[in-house]
Amino acid sequence: MAERTLARYLTEEQRNRGVITADLKFLIEIVSRACQAISIAIGKGGLGGVLGEAGSDNVQGEAQKKLDVLSNEILLEANEWGGHLAAMASEEMDLPHTIPNRYPQGEYLLLFDPLDGSSNIDVNVSIGTIFSVLKCPEGADLSTAAAAEAAFLQPGTAQVAAGYAVYGPTTVLVLTVGDGVVVFTLDREQGQFVLTQENVQIPADTQEFAINMANQRFWEAPVQRYVHEMQQGKTGPLGKDYNMRWVASMVADVHRIMTRGGIFMYPIDSKLQGQGGKLRLMYEANPMALLIEQAGGAASTGLQRILEIKPGKLHQRVPVILGSKNEVDRITGYHRT
Ligand code: P6P
């Protein structure tokens, strides 16, 4: 059978299942082409003059890498003229980007972390793009960038699509439009994303955990208990040995879990208590939580389902525990004892 490209998959979802509109199909195709352009820019590495610091800080007060800024620009420029968006929000920008008057406005809101895992850019380790799509509320005030923030403050359950690209040995695009999770691999010769896996299912159990152990002394008690039990392995209450992985690019750690199961944790810790956590809700935790749940996994703060959080601020941070369902259920159980 002919290869199923992203365009064909989206057309089938639109036509056969009425799951997505023509504008959402167009939006996802535009984002995929932006990810392709980002993949090419990253692939040049030191040859493209794109490594190193940009000499600026983002809204999080983090030093921006040149590729952070470039990736953000690629996504903004790719999406602002199409007529499918009402506004965009990015980890790299304090306020939303409203659509310039010279272009028509659409019904969708696009949020993204244009390049996740920036600490890995200069050392040639996988990084990625994370995106989330919401409907713009009727009558939303988009008159100014500041006013537009309110339109984005919707719980993760309101997402109509979510996805990520991993720029690794291959560039993959992982997507859900609420109809399960599918994986596309970039065919560089053809210059298009080709379907390589559909109906992704995350195993409910695992023997692999991902956490930054350097923060152990700061973790809350339930996470201390759970990680200690995994380290006890066969001799402990969990009765099996575990392995550990920590790429420090959420997209790479989540993609491993999508592929073979696992548990990813960036829990609240006393170092981050004031910030509410490390990872951002709107364009990291929510899209990843939707993907994980659509693939049969679970995603929690430890105390509540991530997708049900009512956002207060565009850049708010949350604790994240996600992956194999039985493991997440265990930890959330420990939070209740
Ligand atoms: P740490 C990357 O900067 C990121 O936002 C996530 O992609 C990643 O999981 C996490 O931070 C890594 O944090 O504290 O281990 O550097």
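Just so it is clear, the model here is predicted, and its values are computed rather than measured. (Residues numbered from 1 in each chain as written. Predicted model: local features only at pLDDT ≥ 70, side-chain atom pairs only at ≥ 80, totals over all residues. Heavy atoms only, no water.)

Below, the discussion takes up the pattern of salt bridges. Per the counting criterion, the structure on display carries 21 salt bridges. Here Asp-179 makes a salt bridge to Arg-17, at a shortest N to O gap of 2.8 Å. Taken together, the residues span a long stretch of sequence, with Asp-179 in the loop between strand E8 (171–176) and strand E9 (182–187) and Arg-17 in helix H1 (residues 6–17) at a distance of 162 residues. For the salt bridge of Glu-284 with Arg-280, the shortest nitrogen-to-oxygen distance reads 3.6 Å. Its relative accessible area of 1% is what places Glu-284 among the buried residues. (Salt bridge = Lys/Arg side-chain N within 4 Å of Asp/Glu carboxyl O. Helix = DSSP H or I, 4+ residues; strand = E, 2+ residues; numbered from the N terminus. Buried < 20%, exposed > 50% of the residue type's maximum accessible area, 1.4 Å probe, protein only.)

Attention shifts here to the domain arrangement of the chain. You'll often see interface size given as the accessible area lost when the parts meet. Examined at the domain level, the chain breaks down into domain 1 (6–197) and domain 2 (208–336). Look at where the C-alpha atoms of domain 1 and domain 2 centre, and you get two points 24 Å apart. Counting residues at the interface gives 48 residues for domain 1 and 31 residues for domain 2. Interface area for domain 1 against domain 2, summed over the two sides, is near 2900 Å², with a carbon-plus-sulfur share of 62%. When the area that domain 1 buries against domain 2 is broken down by residue, the three leading residues are Ile-130, Leu-153 and Tyr-164, summing to 20%. Joining domain 1 to domain 2, the criterion identifies two salt bridges. Notably, a salt bridge pairs Glu-91 with Arg-280, separated by 3.3 Å at the nearest N-O pair. Counting across the interface, domain 1 meets domain 2 through 19 residue pairs in polar contact (both at pLDDT 80 or more). (Domains from an automatic or database assignment. Contact = heavy atoms within 4.5 Å. Buried area = accessible area lost by both parts, 1.4 Å probe. Polar contact = N/O pair within 3.5 Å; in protein donor to acceptor, adjacent residues only side chain to side chain.)

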